[in-house]
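Each chain, written out:
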Amino acid sequence: MEAIRLIRHCAKYVSDRPQAFKEYTSDDMNVAPEDRVWVRGWFPILFELSCIINRCKLDVRTRGLTVMFEVMKTYGHTFEKHWWQDLFRIVFRIFDNMKLPEQQTEKAEWMTTTCNHALYAICDVFTQYFEVLSDVLLDDIFSQLYWCVQQDNEQLARSGTNCLENVVILNGEKFTLEIWDKTGNCMLDIFKTTIPHALLTWKPAAGDADISAQSDKQLDSVSQKSVDIHDSIQPRTADGRRITQSGMTSVTHEEFYSKSGTKLPEQKLFSALLIKCVVQLELIQTIDNIVFFPATSRKEDAENLAAAQRDAVHFDVHVDTQDQGMYRFLTSQQLFKLLDCLLESHRFAKAFNSNNEQRTALWKAGFKGKSKPNLLKQETSSLACGLRILFRMYMDESRKSAWDEFKAHASCYYPLLCETIQFDLIPELRAILRRFFHRIGLVFKISLPPDQDQDRSGQNMELTDLPFQGDKRQKANHEENL
């Protein structure tokens, strides 16, 4: 700790006396004068701090990491672009798989502490010096975030998506079209590689058949219930740390499965699949937060729900913060790429939720707990976010060129919505359906607005007087049906 304090003092010395390094020639004849303060001053300081980070115990390496990034943030404005490139070659060694401790528990600790800390710090530095670092560091940051979500570590996976969100929200206004394309590709890659396909394909080993048969006898009203896989996923704080309920300790997925009697190979597989489920849900929320700004959608949903509870037919929900998101900086094609991510996630979740046999097999094998697993939260939130983007684009006059994606399918949806009336709906849904049928009535001139209806009181209007779009034969059939 004393050594770190002295190194920190050296950084101030170098900052105060850069000229002394330029004048010092000794064995620096091959180094350009303007680079001597880097080679003789900054680089040794930052390199020694990186050595401390990679070799020492948690408390010491945490302090070393804090001081290293403090030096960057305090004095980075004096760094040349090629110095930053040298520096981050050192920084990214923190994530080097070959340098991680061999013991599984030590490796997990390294990821949840040092790697996690470094990830947020790198993103902070990138944001502070965006103009200099955008073309130097962005590709490496996206690669590192991608690496983080591929690791079987829930904390690091959460941090990867959280840092991606922070980088884009804090810097998106300065992104070029090329950077937005890279951002969309990064999200698409993460989505595709974290879809937990094995949830649909996993089968119990042959020797487990007897156990499954016994499990059949144990099916009762409790086990028939369905529990959302994401219910066990703990909420995160602003810096991505898990929040545990008071009086409860946070357990790893491995500990959870070992207590449930699940075999070791399955423990690892199920744990990895749960982390993929975490990443999928986090990414859906990340896209929503990036496009619309954090908490905006929740506020909008709350106001929509309140309006539905009031049973207001004509209501226009307006959220003041709707222009704070990155929506206006994204092209329609870039938004459609994000939609591809959301809809692919939705299709998978829907396929899993519809596969009762597979969910039962996973439940019998001890996956997730006492009740059959489902991905309802993923299925609904991915679709909700996708529709939110589509509706925003549909109301945006500046995106008319993209509206051909938006061909009306009212004739397909109308009978399905009529069928919905048969279900035992909550009042809010009944209000929404009522609003939809009112709109259909006006748009297709089945009914008139209240003010016009009063003006025409006493006048009879035959149904056959309604305008009909179509050829003569269709019109004849239409009139015959009427």
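Residues numbered from 1 in each chain as written. Predicted model: local features only at pLDDT ≥ 70, side-chain atom pairs only at ≥ 80, totals over all residues. Heavy atoms only, no water.

Quick notes on the overall build of the protein
Stage number 1. Looking only at helices and strands, the protein has 22 helices and two strands in total.
Stage number 2. Residues counted as buried form 40% of the 482 residues belonging to the protein.
Stage number 3. Per element, the accessible surface of the protein, about 27300 Å² overall, is 53% carbon and sulfur. (Helix = DSSP H or I, 4+ residues; strand = E, 2+ residues; numbered from the N terminus. Buried < 20%, exposed > 50% of the residue type's maximum accessible area, 1.4 Å probe, protein only. Areas by Shrake-Rupley, 256 points an atom, 1.4 Å probe, with all protein chains shown as cover.)

Observations regarding unusual backbone geometry
Stage number 1. The phi dihedral of phenylalanine 293 is positive, around 85°, even though this residue is not glycine.
Stage number 2. Inspection of the secondary structure assignment puts phenylalanine 293 in the loop between helix H14 (264-292) and helix H15 (296-309).
Stage number 3. Judged by relative accessible area, which is 28%, phenylalanine 293 ranks as partly exposed.
Stage number 4. Although it is not a glycine, alanine 295 adopts a positive phi angle of roughly 75°.
Stage number 5. With respect to the secondary-structure elements, alanine 295 resides in the loop between H14 and H15.

A word on the packing of helix H7 (residues 130-150) against helix H9 (residues 177-194)
The relative placement of two packed helices comes down to the angle between their axes together with the axis-to-axis distance.
Stage number 1. It is at 10 Å that the axes of H7 and H9 come closest, and there the two elements cross at 5°. Classified by the angle between their axes, H7 and H9 sit roughly parallel to one another. In this structure, H7 contributes Phe130, Ser134, Leu138, Asp139, Phe142, Tyr146, Val149 and Gln150 to the contact, and H9 contributes Ile179, Lys182, Thr183, Cys186, Asp189, Ile190, Thr193 and Thr194.
Stage number 2. Tallied by class, residues from the contact of H7 with H9 come to eight nonpolar, five polar and three charged. (Axes fitted to C-alpha atoms, helices over the stretch in contact; angles between N-to-C directions. Parallel < 35°, antiparallel > 145°, perpendicular 65-115°, else oblique. Contact = heavy atoms within 4.5 Å. Nonpolar A, V, L, I, M, F, W, Y, C, P; charged D, E, K, R; others polar.)

A word on the packing of aromatic side chains
Aromatic ring pairs: the centre-centre distance and the angle between the two ring planes describe each pair.
Stage number 1. With the rule as written, the count across this model stands at 21 aromatic pairs.
Stage number 2. Between tryptophan 38 and tryptophan 83, the aromatic rings sit 5.5 Å apart at their centres with planes inclined by 15°, giving stacked as the arrangement. On the criterion of sequence distance, the pair formed by tryptophan 38 in helix H3 (residues 36-55) and tryptophan 83 in helix H5 (residues 81-91) is long-range, its members being 45 residues apart. Each of the two residues, tryptophan 38 as well as tryptophan 83, counts as buried.
Stage number 3. Centre to centre, the rings of tyrosine 394 and tryptophan 403 are 5.8 Å apart; their planes meet at 45°, and the pair counts as tilted.
Stage number 4. Here arginine 392 stacks its cationic end above the ring of tyrosine 327, 4.3 Å away from the centre of that ring.
Stage number 5. Directly above the ring of tyrosine 327 sits arginine 399, whose terminal nitrogen or CZ lies 4.5 Å from the centroid. (Phe/Tyr/Trp six-rings, centres within 6.5 Å; stacked < 30°, edge-to-face > 60°. Lys NZ or Arg CZ within 6 Å of the ring centre and 35° of its normal.)

Side note on the nonpolar core
Stage number 1. Ranked by size, the top nonpolar core spans 88 residues in total, and within it Trp42, Met68, Phe88, Phe95, Ile287 and Ile389 carry the most contacts.
Stage number 2. Of the residues forming this core, the biggest block, eleven residues, is contributed by helix H6 (residues 104-128).
Stage number 3. Not counting chain neighbours up to four residues away, the residues in contact with phenylalanine 95 comprise Cys115, Ala118, Leu119, Ile122, Gln144, Trp147 and Cys148.
Stage number 4. Core analysis: the second largest hydrophobic core is formed by 15 residues, Leu199, Phe348, Leu362 and Ala365 among them. (Core = buried A, V, L, I, M, F, W, Y, C linked by side-chain atoms within 4.5 Å.)

Describing the confidence of the model for the protein
Stage number 1. Across the protein, pLDDT averages 81, with 77% of residues at or above 70.
Stage number 2. Note on residues 210-223: pLDDT is under 50 here. Beyond four places in sequence and across chains, it has twelve contacts.
Stage number 3. Between residues 460-470, whose pLDDT stays under 50, and residues either more than four places distant or in other chains, the model counts nine contacts. (pLDDT = per-residue confidence, 0-100.)

A closer look at the packing of helix H16 (residues 332-354) against helix H18 (residues 376-394)
Stage number 1. Between H16 and H18, the least distance of the axes is 8 Å, while the angle of their chain directions is 155°. Classified by the angle between their axes, H16 and H18 sit roughly antiparallel to one another. Crossing geometry of H16 relative to H18 is assigned as left-handed. In contact with Ser332, Leu335, Phe336, Leu339, Leu342, Leu343, Ser345, His346, Phe348, Ala349, Lys350 and Asn353 of H16, H18 contributes Leu376, Gln378, Glu379, Ser382, Leu383, Cys385, Gly386, Ile389, Leu390 and Met393. (Left-handed = near helix turned anticlockwise from the far one by under 90°.)

Re the pattern of salt bridges
Stage number 1. Summed over the entire model, instances satisfying the criterion amount to 16 salt bridges.
Stage number 2. The salt bridge involving aspartate 86 is made with arginine 89; its shortest N-O contact spans 2.8 Å. With aspartate 86 and arginine 89 both in helix H5 and three residues apart, this pair spans about one turn of that helix.
Stage number 3. For arginine 89, a relative accessible area of 57% gives the class exposed.
Stage number 4. Notably, a salt bridge pairs arginine 158 with glutamate 154, separated by 3.1 Å at the nearest N-O pair. (Salt bridge = Lys/Arg side-chain N within 4 Å of Asp/Glu carboxyl O.)

Concerning helix H17 (residues 356-364)
Stage number 1. Among all positions of H17, only Gln358, Arg359, Thr360, Leu362 and Trp363 are buried.
Stage number 2. After H17 finishes, the residue glycine 366 shows a positive phi value of roughly 95°.

Concerning the environment of histidine 77
Stage number 1. Within the secondary structure, histidine 77 is located in the loop between helix H4 (58-75) and H5.
Stage number 2. For the pair histidine 77 and glutamine 128, spaced 51 residues apart in sequence, the C-alpha to C-alpha distance is 9.4 Å.
Stage number 3. Polar side-chain contacts of histidine 77 include one of 3.3 Å to the backbone oxygen of threonine 74. (Polar contact = N/O pair within 3.5 Å; in protein donor to acceptor, adjacent residues only side chain to side chain.)

Regarding the environment of threonine 112
Stage number 1. Position of threonine 112 relative to the elements: it lies in helix H6.
Stage number 2. Here the alpha-carbon distance between threonine 112 and serine 159, two residues 47 residues apart in the chain, equals 9.3 Å.
Stage number 3. What threonine 112 contacts, discounting residues up to four positions off in sequence, is Asn153 and Gln155.
Stage number 4. A polar contact is formed between the side chain of threonine 112 and the backbone oxygen of glutamate 109, at a distance of 3.2 Å.

What to know about the environment of proline 373
Stage number 1. Take proline 373: it is sitting in strand S2 (residues 372-374).
Stage number 2. Residue proline 373 is classed as buried on the basis of its relative accessible area, which comes to 0%.
Stage number 3. Separated by 146 residues in the primary sequence, proline 373 and valine 227 have C-alpha atoms spaced 5.2 Å apart.

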